[in-house]
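A look at the structure
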Amino acid sequence: DKFGFTELKQWADVKIGVVTGANNFFIKTKKEALNYGFTSKQLVPILTNSLEFSGLHFNGYKPPKYLLNLLERVITKKGKQYLRLGKKNKYHLREHSMRRDPWHAVKIGTPPDAFFPYRVSLIPYMAFNDSNIQSTNSIHRIYFKNVSENQRKWIQLSLLSIPGQLSIEAFGKTYGTGVLKIEPSALFRSIVNFKNNRIPDDIYNEISKLISAGKKREAMELATGYFNKEFKIPAELAQKSRLLLNELQSRRK
């Protein structure tokens, strides 16, 4: 509170990704979908794994997989054959399918402003959705609330910095062999900070380049150094935060 940090839930909604109930049936490559008789208009580009994150922005990246948008009224004869195949394999009897009418009409929703991993081993970060894509429920969807572009970048780097990472580690859960599981409620409670001024392009771009190169820890350090300076975080408090983050990460692993 003293340094202006607040919870993310004040500035954004966090929703799980698209739930299909049968990804292998509803998600296909473009070639597969066209072969099954669906049109390009029925295909929604979709992220299926946070490993597809490669930087702070997707920069026009199109995922290799597409969600079949079967809300379209016009389904070709061949497409209807595919739906019959789905019923033959009892996809219409799965839990999520039975909640839908018709069973194959997956609820897609509005493309989010950004994405955040649901499960990750080390240093999760937010990636802006500038490619009008969707994600499965292995990736959270972020919808900002009346936040300017500059403020969004501050929030993005807040979560990448040590204070943000510390809060994510504190509220997240250990999953499997040391993987961090970040429920929407945990991400809601993570702390962020922002100003109205613009983050210098050289700093922001360098952080993005480091992430793209797989150097997430170096990116975290650069973001942390900038935040400590901007918000006048005392050296002693900064060091305590760093030691605690290291302890939680080591304990999780």
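A brief look at the structure comes next. (Residues numbered from 1 in each chain as written. Predicted model: local features only at pLDDT ≥ 70, side-chain atom pairs only at ≥ 80, totals over all residues. Heavy atoms only, no water.)

A few points about the overall build of the protein
Under the convention used in this document: Labels follow the DSSP assignment, with helices taken as runs of H or I lasting at least four residues and strands as runs of E lasting at least two, numbered in each case from the N terminus. Exposed residues in this analysis have more than 50% of their type's maximum accessible area, buried residues have under 20%, and partly exposed residues fall in between, with area computed by a 1.4 Å probe over protein chains only. We call two residues in contact whenever any of their non-hydrogen atoms come within 4.5 Å of each other. Each accessible area is a Shrake-Rupley result for a 1.4 Å probe, and residues are judged covered by the shown protein chains and nothing else. Neither His nor the chain termini are counted; the positive set is Lys and Arg, and the negative set is Asp and Glu. The location of each charge is read from NZ of Lys, CZ of Arg, CG of Asp or CD of Glu.
In terms of regular secondary structure, the protein is built from 10 helices and 13 strands. Counting the 253 residues in the protein, one finds 49% classified as buried. Considering only contacts within the protein whose residues lie at least 6 apart along the sequence, 75% involve residues at least 24 apart. A total accessible area of about 13000 Å² is found for the protein, and carbon and sulfur atoms account for 51% of it. Across the protein, 42 positive and 21 negative side-chain charges occur, with their mean positions spaced 10 Å apart.

Focus: the sheet that holds strand 3 (residues 27-29)
Selection rule: Paired strands, as defined in this entry, are two strands with at least two bridges between them according to DSSP.
What the 4 strands build is an open sheet, ordered 3-5-4-9; its pairing is mixed. At either margin of the open sheet sits one strand with a lone partner, and together these are strand 3 and strand 9 (134-135). Across 3 bridges, the pairing between strand 4 (residues 43-47) and strand 5 (residues 65-68) is antiparallel. Counterpart to Leu-43 in the pairing with strand 5 is Leu-68.

Some points on the nonpolar core
Inclusion rule: Buried residues of nine kinds, namely Ala, Val, Leu, Ile, Met, Phe, Trp, Tyr and Cys, make up a nonpolar core once their side-chain atoms join them within 4.5 Å.
Counting 52 residues, the largest nonpolar core has Met-126, Ile-142, Phe-144, Leu-160 and Ile-207 as the members making the most contacts within it. In this view, Met-126 contacts Leu-56, Ala-114, Phe-115, Phe-116, Ile-142, Phe-144, Ile-155, Gln-156 and Leu-159; residues no more than four positions away in its chain are not counted. Listed in part, the 21 residues of the second largest apolar core include Phe-38, Leu-43, Tyr-91 and Val-106.

Regarding the side chain of Glu-169
Mapped onto the elements of the fold, Glu-169 is located in helix 6 (residues 162-171). A residue is classified by how much of its surface remains accessible, and Glu-169, at 8% relative accessible area, is buried.

What about the environment of Thr-136?
Structurally, the position occupied by Thr-136 is in the loop between strand 9 and strand 10 (139-144). For the pair Thr-136 and Thr-20, spaced 116 residues apart in sequence, the C-alpha to C-alpha distance is 7.9 Å. Not counting the four nearest positions on each side in its chain, Thr-136 is found in contact with Gly-17, Val-18, Asn-23, Ile-27, Ile-46, Leu-47 and Thr-48.

Description of the sheet that holds strand 11 (residues 173-175)
With antiparallel pairing, 3 strands are arranged side by side in an open sheet as 7-12-11. What marks the edges here is a single partner per strand, and that holds for strand 7 (119-120) and strand 11. In this structure, strand 11 lies alongside strand 12 (residues 179-181), joined through 3 bridges in antiparallel fashion. Counted as the bridge partner of Tyr-175 is Val-179 from strand 12.

Some points on the environment of Tyr-226
You can see Tyr-226 is positioned in helix 9 (residues 216-230). Residue class for Tyr-226 comes out buried when judged on its relative accessible area of 10%. Considered as a pair, Tyr-226 and Leu-157 are 69 residues apart in the sequence and their alpha carbons are 9.5 Å apart. Once residues within four sequence positions are removed from consideration, Tyr-226 is found in contact with Trp-154, Ile-199, Pro-200 and Ile-203.

A look at the pattern of salt bridges
For clarity, the threshold we go by: Each salt bridge in this description consists of a side-chain nitrogen of Lys or Arg and a carboxyl oxygen of Asp or Glu lying within 4 Å of one another.
Per the counting criterion, the structure on display carries 11 salt bridges. A salt bridge links Lys-145 to Asp-13; the shortest N-O distance between them is 3.6 Å. Of this pair, Lys-145 sits in the loop between strand 10 and helix 5 (149-160) while Asp-13 sits in strand 2 (residues 12-15), and the two are 132 residues apart along the sequence. Given the relative accessible area of 34%, Lys-145 is considered partly exposed. You can call Asp-13 partly exposed: its relative accessible area is 31%. Notably, a salt bridge pairs Asp-113 with Arg-152, separated by 3.7 Å at the nearest N-O pair. Of this pair, Asp-113 sits in the loop between helix 4 (95-98) and strand 6 (114-117) while Arg-152 sits in helix 5; the two residues are 39 residues apart in sequence, bridging distant segments of the chain. When its relative accessible area of 24% is taken as the criterion, Asp-113 is described as partly exposed.

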